Amino acid sequence: MGAPGELGTGTAAGAWPALRVEDWTATRDTLHTWLQVVGKVRLAHAPLVNHWWQSTLYVSPRGLTTSAVPHGDGVFDVELDVVEHRLVVRSSGGGARTVALEPKPTAQFHAEVMTALDELGIPTRISAAPNEVDPAIPFAEDHVHASYDARAVELFWRQLLQADRVMGRFRARFAGKVSPVHFFWGAMDLACTRFSGRGAPPHPGGAPNCGDWVMEEGYSRELSSCGFWPGGGEEGAFYAYAYPEPAGFAEHPVGPEGAFYSTQNRQFLLPYEVVRRAADPDGALLDFLQSTYEAAAEHARWDRAALEVDPGRWDHRR
């Protein structure tokens with residue numbers, strides 16, 4: 001794989017990097033705790049949006065970002081820049097602070113981020129421990145997670161770049177309520193969710209170290225969700241599920257070859273490496289996203305004619 005400046009537009013198979021989960025597990029788990037700190041900073045300041053969309057991060061040209069977060073009569077943002085391996089906090093008041101991304105305990109990372117915010121006049125209190133993980137070591141006491149393999153983190157970001165790009169194309173095919181393509185720091189996954197417009201039964205909850213009421217808000221409407229996370233396959237996996245899951249969903253034929261329904265996870269999975277090795281990675285992933293959505297929409301009888309759209313409908317006006 002070439003240097004960052006040598007990468008093309010991401011349409012070639014070579015732009016999809018290989019990164020075995022077992023080769024960066026310690027770094028992945030440390031990065032997960034750091035992303036929780038950053039995500040909780042946004043959560044502490046942003047007004048509530050349905051399904052917790054105000055708490056997510058976004059793939060950026062340099063890593064992952066909070067985007068602009070309101071504070072007082074201004075805004076700030078926090079970005080994990082994995083090109084130069086630094087966390088950058090910027091304020092609309094003109095100030096900026098950086099925290100080095102390097103091997104260090106989460107306790108130190110947490111302290112440095114809080115200090116950076118204080119120095120910029122953005123005092124912040126966050127929930128003291130991570131969510132959706134077990135054990136949930138309080139950030140200020142976490143000297144276990146201290147690994148940082150810079151190359152692995154950059155490769156993970158480049159996996160996210162490709163997933164984000166293709167999922168964005170898939171998102172454009174839907175005219176109904178649909179989430180952004182965004183990164184949930186709780187489960188450490190990139191996700192995009194479509195909604196039928198109907199309500200859903202209360203979610204049973206059960207996520208570790210996470211109140212059931214959090215899941216009830218997240219799953220308060222009938223949905224079809226897809227995404228990518230660094231697990232479930234040799235190099236991570238794409239996933240798709242429906243809530244509530246309609247009868248016949250699991251048996252619905254989906255593509256491409258290599259996709260399967262996991263009874264343990266109650267979702268369809270497609271190992272990342274299957275996409276990476278495909279002659280047309282974009283096409284293989286789009287096949288998975290579309291066919292798994294159809295599994296939800298057809299068996300739950302969504303009003304597809306009203307919800308779906310041709311994303312090229314205005315091409316002739318250009």
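These figures come from a predicted structure and were not determined experimentally. (Residues numbered from 1 in each chain as written. Predicted model: local features only at pLDDT ≥ 70, side-chain atom pairs only at ≥ 80, totals over all residues. Heavy atoms only, no water.)

Undergrad: Kindly report on the packing of helix 3 (residues 150-171) against helix 6 (residues 281-299), identifying the contributing residues and their values.
TA: Running from N to C, helix 3 and helix 6 cross one another at 45 degrees; their axes reach a closest spacing of 10 Å. What the angle tells us is that helix 3 and helix 6 run oblique. Along this stretch, helix 3 crosses helix 6, giving a crossing that reads as right-handed. Of the residues in helix 6, those touching helix 3 at R165, V166, M167, R169 and F170 are D282, L285, L286, L289, Q290 and Y293. (Axes fitted to C-alpha atoms, helices over the stretch in contact; angles between N-to-C directions. Helix = DSSP H or I, 4+ residues; strand = E, 2+ residues; numbered from the N terminus. Parallel < 35°, antiparallel > 145°, perpendicular 65-115°, else oblique. Left-handed = near helix turned anticlockwise from the far one by under 90°. Contact = heavy atoms within 4.5 Å.)

Undergrad: Residue-level account of the pattern of salt bridges, with values.
TA: For the structure shown, the criterion picks out 20 salt bridges. K104 is paired through a salt bridge with E112; the nearest N and O atoms lie 2.6 Å apart. Close ionic contact of R304 with E308 constitutes a salt bridge, the shortest N to O distance being 2.4 Å. Overlapping salt bridges, with partners in common, bring together R62, D81, E84 and R86 in one network. (Salt bridge = Lys/Arg side-chain N within 4 Å of Asp/Glu carboxyl O.)

Undergrad: Please set out unusual backbone geometry residue by residue, giving values where relevant.
TA: Peptide bonds are trans in most cases, and residues, glycine excluded, mostly fall at negative phi. Here D134 and P135 are connected by a cis peptide whose omega angle stands at 5 degrees. With an omega of -10 degrees, the peptide bond running from Y243 to P244 counts as cis. Checked against the element boundaries, P244 lands in the loop between strand 10 (237-243) and strand 11 (260-262). With phi around 60 degrees, M188 is a residue other than glycine that occupies positive phi space.

Undergrad: Tell me about helix 2 (residues 106-119), residues and numbers included.
TA: Along its 14 residues, helix 2 runs 20 Å from first to last C-alpha, staying within 8% of the 20 Å computed at 1.5 Å per residue. By the burial criterion, the buried members of helix 2 are T106, A107, F109, H110, V113, M114, A116 and L117. Against the buried residues of helix 2 lie helix 1 (25-45), strand 4 (74-81), strand 5 (86-91) and strand 6 (96-100). Directly beyond the C-terminal end of helix 2, a positive phi value near 75 degrees is found at G121. (Expected span 1.5 Å × (residues − 1). Buried < 20%, exposed > 50% of the residue type's maximum accessible area, 1.4 Å probe, protein only.)

Undergrad: An account of the side chain of H45 is requested, with residue identities and associated values reported.
TA: When you line up the elements, H45 lands in helix 1. A polar contact is formed between the side chain of H45 and the side chain of T124, at a distance of 2.8 Å. (Polar contact = N/O pair within 3.5 Å; in protein donor to acceptor, adjacent residues only side chain to side chain.)

Undergrad: How would you summarise helix 1 if you had to cite specific residues and measurements?
TA: Its 21 residues place the ends of helix 1 31 Å apart at the C-alpha level, agreeing with the 30 Å of an ideal helix rising 1.5 Å per residue. Across the 21 residues that make up helix 1, a large majority, 16, are buried.

Undergrad: How would you sum up the sheet that holds strand 11? Please name residues and give values.
TA: As summarised here, the arrangement of the 6 strands in space is 7-8-9-10-12-11, forming an open sheet in which the pairing is antiparallel. Among the strands making up the open sheet, the edge pair consists of strand 7 (182-184) and strand 11. Strand-to-strand twist of the sheet, defined as the mean angle between neighbouring strand axes without regard to direction, takes the value 35 degrees. With 3 bridges joining them, strand 7 and strand 8 (residues 189-199) adopt antiparallel strand pairing. Among the inter-strand pairings, H182 is bridged to a residue of strand 8, identified as A191. Sheet strands in contact with helix 3 are strand 7, strand 8, strand 9 (221-229) and strand 10, and its direction is about 25 degrees off that of strand 8. (Pairing = 2+ DSSP bridges.)

Undergrad: Can you break down the packing of aromatic side chains residue by residue, with the values?
TA: Each aromatic ring pair is described using two quantities: the centre-to-centre distance and the angle formed by the ring planes. For the structure shown, the criterion picks out 20 aromatic pairs. Here a set of aromatic residues connected by ring pairs shows up, and it is made of Y219, W229, Y239, Y241 and Y243. Seen from the ring of F195, K177 lies directly overhead, with NZ or CZ sitting 4.6 Å from the centre. If you follow R194 out to its NZ or CZ, it ends over the ring of Y293, 4.4 Å from the centre. (Phe/Tyr/Trp six-rings, centres within 6.5 Å; stacked < 30°, edge-to-face > 60°. Lys NZ or Arg CZ within 6 Å of the ring centre and 35° of its normal.)

Undergrad: Tell me about the pairing of strand 6, and please be specific about residues and values.
TA: If a strand is regular, its side chains alternate between the two faces of the sheet. Bridging between strand 5 and strand 6 involves 5 bridges; their strand directions are antiparallel. Bridging across to strand 6, R86 finds its partner in A100. Counting the residues between successive antiparallel strands, the hairpin from strand 5 to strand 6 contains 4 residues, one of them, G94, with a positive phi of roughly 105 degrees.

Undergrad: If you had to explain the confidence of the model for the chain to someone new, which residues and values would you point to?
TA: When the pLDDT values of the chain are averaged, the result is 94; 95% of them are 70 or greater. In this model residues 1-11 is a low-confidence stretch, pLDDT under 50, and it forms 15 contacts with partners more than four residues away in sequence or in other chains. (pLDDT = per-residue confidence, 0-100.)

Undergrad: How would you explain the packing of helix 1 against helix 2 if you had to name every residue and give the values?
TA: Two numbers describe how helix 1 lies on helix 2: the axes approach to 10 Å, and their chain directions differ by 25 degrees. As judged from the angle between their axes, helix 1 and helix 2 are roughly parallel. Of the two elements, helix 1 crosses helix 2, and the hand of that crossing is right-handed. Between helix 1, through T30, T33, W34, V37, V38 and V41, and helix 2, the contact on the second element is made entirely by T106, F109, H110, V113, M114 and L117. Looking at side-chain class alone, the contact of helix 1 with helix 2 contains 8 nonpolar, 4 polar and no charged residues. (Nonpolar A, V, L, I, M, F, W, Y, C, P; charged D, E, K, R; others polar.)

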